[in-house]
Amino acid sequence: MRELVYYVAVSLDGFIAGPEGEFDALLSEGDHMAAINERFGDTVPTAIAEAQGISRDGGMFDTVLMGWNTYAVGLPFGVTSPYRHLRQIVFSRSNTASGENLEVSADDPVRVVRDLKQKSGGAIWLCGGGALAATLADEIDRLVLKRNPLLFGSGIPLFGARPYRPERFDEIGTTAFGSGVVLSEYVRGAVE
């Protein structure tokens, strides 16, 4: 069965973006980039990957899920299909958009993910944001966190509000880079 993987950059204090969606403080240069792009090159926006020669051969993902606010970051720049090399599903009840390999869905994200998991294909990348991650928390099979050596103070949390219900994830690997970025990977574990 396909996995839902929440792969995201996060600050030390647990934010994936600033209060207005800012993410420019997250480190995009340093010794972590080559290693991360080698494994997760399919998470680089298509145009950037093509311009920088980042390979997406043998990519992990074939589908990306986003909330509207995550998707809309590129709209002021004319980017209507940021990951056109993947099937893109954007969740919104009130917005529409069109682009290559792009679907806007008003359906229940949990139902969509459960349907996707039953079909053949690669892993499903949950790109963001925090509210969508909270909605899909019970469906997440793997967390891959790029912890940046920054404090944001406030912003969009890694997971939006959800009821208190501890769920265990087991660490399966962590790599610390000279840039200060720490890449940690977790898989869903048993509650103790």
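Our subject is the structure that appears above.
Description of the structure in this document. (Residues numbered from 1 in each chain as written. Predicted model: local features only at pLDDT ≥ 70, side-chain atom pairs only at ≥ 80, totals over all residues. Heavy atoms only, no water.)

1. Comments concerning helix 4 (residues 109-117)
Here is step 1: Three or more residues of helix 4 are buried, namely P109, V110, V112, V113, L116 and K117. Taken around the axis of helix 4, the buried residues stretch over an arc of 160 degrees, which confines them to a single face.
Here is step 2: On its buried face, helix 4 is in contact with strand 1 (4-11), strand 3 (61-67), strand 4 (87-91), strand 5 (102-105), strand 6 (123-128) and helix 5 (130-135). (Buried < 20%, exposed > 50% of the residue type's maximum accessible area, 1.4 Å probe, protein only. Helix = DSSP H or I, 4+ residues; strand = E, 2+ residues; numbered from the N terminus. Arc of directions from axis to C-beta. Contact = heavy atoms within 4.5 Å.)

2. Brief notes about the nonpolar core
Burial of nonpolar side chains together is a common tendency in soluble globular proteins.
Here is step 1: If you look at the biggest cluster of nonpolar residues, it comprises 21 residues, and the most contacted ones within it are L4, Y6, L65, L126, L136 and L158.
Here is step 2: Mapped by element, the contributors of at least two residues to this core are strand 1, strand 4, helix 4, strand 6, helix 5 and strand 7 (142-148).
Here is step 3: Leaving out residues up to four positions away in the same chain, L136 has contacts with L4, L65, P109, V110, V113 and L126. (Core = buried A, V, L, I, M, F, W, Y, C linked by side-chain atoms within 4.5 Å.)

3. Quick word on the pattern of salt bridges
Here is step 1: Counting across every chain of the model gives 17 salt bridges.
Here is step 2: The salt bridge involving R142 is made with E3; its shortest N-O contact spans 3.0 Å. You can see R142 sitting in strand 7 and its partner E3 sitting in the segment before strand 1, a full 139 residues away along the chain.
Here is step 3: By relative accessible area, R142 is classed as buried at 14%.
Here is step 4: Judged by its relative accessible area of 26%, E3 is partly exposed. (Salt bridge = Lys/Arg side-chain N within 4 Å of Asp/Glu carboxyl O.)

4. Some words on the environment of N95
Here is step 1: On the secondary structure map, N95 appears in the loop between strand 4 and strand 5.
Here is step 2: A relative accessible area of 28% places N95 in the partly exposed class.
Here is step 3: Along the sequence, N95 and R165 sit 70 residues apart, while their C-alpha atoms lie 32 Å from each other.
Here is step 4: Sequence-distant contacts of N95, that is, excluding residues within four places in its chain, are made with W68 and V104.

5. Some points on the side chain of T46
Here is step 1: With respect to the helices and strands, T46 occurs in helix 2 (residues 46-52).
Here is step 2: Engagement of the side chain of T46 in a polar contact is seen with the side chain of H85, the distance being 2.4 Å.
Here is step 3: When neighbours within four sequence positions are excluded, T46 is seen to be in contact with R56, P82, Y83, R84 and H85. (Polar contact = N/O pair within 3.5 Å; in protein donor to acceptor, adjacent residues only side chain to side chain.)

6. Topic: the side chain of K146
Here is step 1: Structurally, the position occupied by K146 is in strand 7.
Here is step 2: Among the polar contacts listed, one links the side chain of K146 to the side chain of Y7, at a separation of 3.5 Å.
Here is step 3: Apart from residues lying up to four places away in sequence, K146 is in contact with Y7, V8, A9, V10, I36, V182 and L183.

7. Things to note about the sheet that holds strand 5
Here is step 1: Spatially, eight strands are ordered 5-4-3-6-1-7-10-9 in an open sheet, and the strand pairing comes out mixed. On the outer flanks of this sheet lie strand 5 and strand 9 (169-176), each paired with one strand and no other. Adjacent strand axes in the sheet meet at a mean angle of 20 degrees, parallel and antiparallel pairs treated alike.
Here is step 2: Two elements, strand 9 and strand 10 (residues 182-188), share seven bridges in a ladder whose sense is antiparallel. When the sheet's bridge partners are listed, G173 is paired in strand 10 with E185.
Here is step 3: Strands strand 1, strand 3, strand 4, strand 5 and strand 6 of the sheet are contacted by helix 4, whose axis makes an angle of about 160 degrees with strand 4. (Pairing = 2+ DSSP bridges. Axes fitted to C-alpha atoms, helices over the stretch in contact; angles between N-to-C directions.)

8. Describing the pairing of strand 4
Two faces make up the sheet, and in a regular strand the side chains alternate between them.
Here is step 1: When you tally the buried positions in strand 4, you get four out of five residues, the bulk of the element.
Here is step 2: Both strand 3 and strand 4 contribute to a ladder of five bridges, which runs parallel. Note on strand 4: the bridge partner recorded for L65 is I89.
Here is step 3: In terms of strand pairing, strand 4 meets strand 5 through four bridges, oriented parallel. From the neighbouring strand, F91 faces strand 5, where its bridge partner is S105.

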